[in-house]
Amino acid sequence: MRNLAEPTQDNVEFMIDTIKNKLRMASGAAMQASNFSLTNYEDLKDVYDIVASKDKFSISEVEAIVSELGQLRDKS
């Protein structure tokens, strides 16, 4: 079991990969873990927890999750 309480780049990569797989994102290649800073780790973990807890998502849920991830991406 992975310890996601620790804000590491490896954990960011794991969470992004899990989110992309669960949402079956066609544009998943555009969402790289390196685009996410450890500054937003807790917010990213919140999104991950929501995605990991569900098996199916409505279109509006996927849009909301993708929008939130867009807000968490590094803008630099």
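The notes below deal with the structure included here. Please read these numbers as outputs of a predicted model, since none were measured by experiment.

## Re the packing of helix H2 (residues 41–53) against helix H3 (residues 59–72)
Moving on, step 1. Remark: H2 packs on H3, axes separated minimally by 10 Å, with the N-to-C direction vectors making an angle of 160°. With respect to each other, H2 and H3 are oriented roughly antiparallel. With respect to the hand of their crossing, H2 and H3 are arranged in left-handed fashion. Residue-level inspection shows Asp 43, Leu 44, Val 47 and Val 51 of H2 in contact with H3, the latter providing Ile 65, Glu 68, Leu 69 and Leu 72.
Moving on, step 2. Residue composition of the contact of H2 with H3, by class: six nonpolar, no polar and two charged.

## A short note on the nonpolar core
Moving on, step 1. If you look at the biggest cluster of nonpolar residues, it comprises 19 residues, and the most contacted ones within it are Ile 16, Ile 19, Phe 36, Leu 44 and Leu 69.
Moving on, step 2. Looking at this core, the elements with two or more residues in it are helix H1 (9–23), H2 and H3.
Moving on, step 3. Discounting chain neighbours no more than four positions away, the residues touching Phe 36 are Gln 9, Val 12, Ile 16, Met 31, Leu 44, Leu 69, Leu 72, Arg 73 and Asp 74.

## What to know about a negative patch on the surface
Moving on, step 1. On the surface, a cluster of negative charge is contributed by Glu 42, Asp 43, Asp 46 and Glu 68.
Moving on, step 2. If you tally residues by element for the negative patch, the top one is H2, at three residues.
Moving on, step 3. With respect to the secondary-structure elements, Glu 68 resides in helix H3.
Moving on, step 4. Take Glu 68: its relative accessible area is 36%, and that puts it in the partly exposed class.

Procedures and definitions
- Residues numbered from 1 in each chain as written.
- Predicted model: local features only at pLDDT ≥ 70, side-chain atom pairs only at ≥ 80, totals over all residues.
- Heavy atoms only, no water.
- Axes fitted to C-alpha atoms, helices over the stretch in contact; angles between N-to-C directions.
- Helix = DSSP H or I, 4+ residues; strand = E, 2+ residues; numbered from the N terminus.
- Parallel < 35°, antiparallel > 145°, perpendicular 65-115°, else oblique.
- Left-handed = near helix turned anticlockwise from the far one by under 90°.
- Contact = heavy atoms within 4.5 Å.
- Nonpolar A, V, L, I, M, F, W, Y, C, P; charged D, E, K, R; others polar.
- Core = buried A, V, L, I, M, F, W, Y, C linked by side-chain atoms within 4.5 Å.
- Buried < 20%, exposed > 50% of the residue type's maximum accessible area, 1.4 Å probe, protein only.
- Patch = residues over 30% accessible without salt bridge, like charges linked within 9 Å, V, L, I, M, F, W, Y side chains within 5 Å.
- Areas by Shrake-Rupley, 256 points an atom, 1.4 Å probe, with all protein chains shown as cover.
- Salt bridge = Lys/Arg side-chain N within 4 Å of Asp/Glu carboxyl O.
- Lys, Arg positive; Asp, Glu negative; His and termini not counted.
- Charge placed at Lys NZ, Arg CZ, Asp CG, Glu CD.

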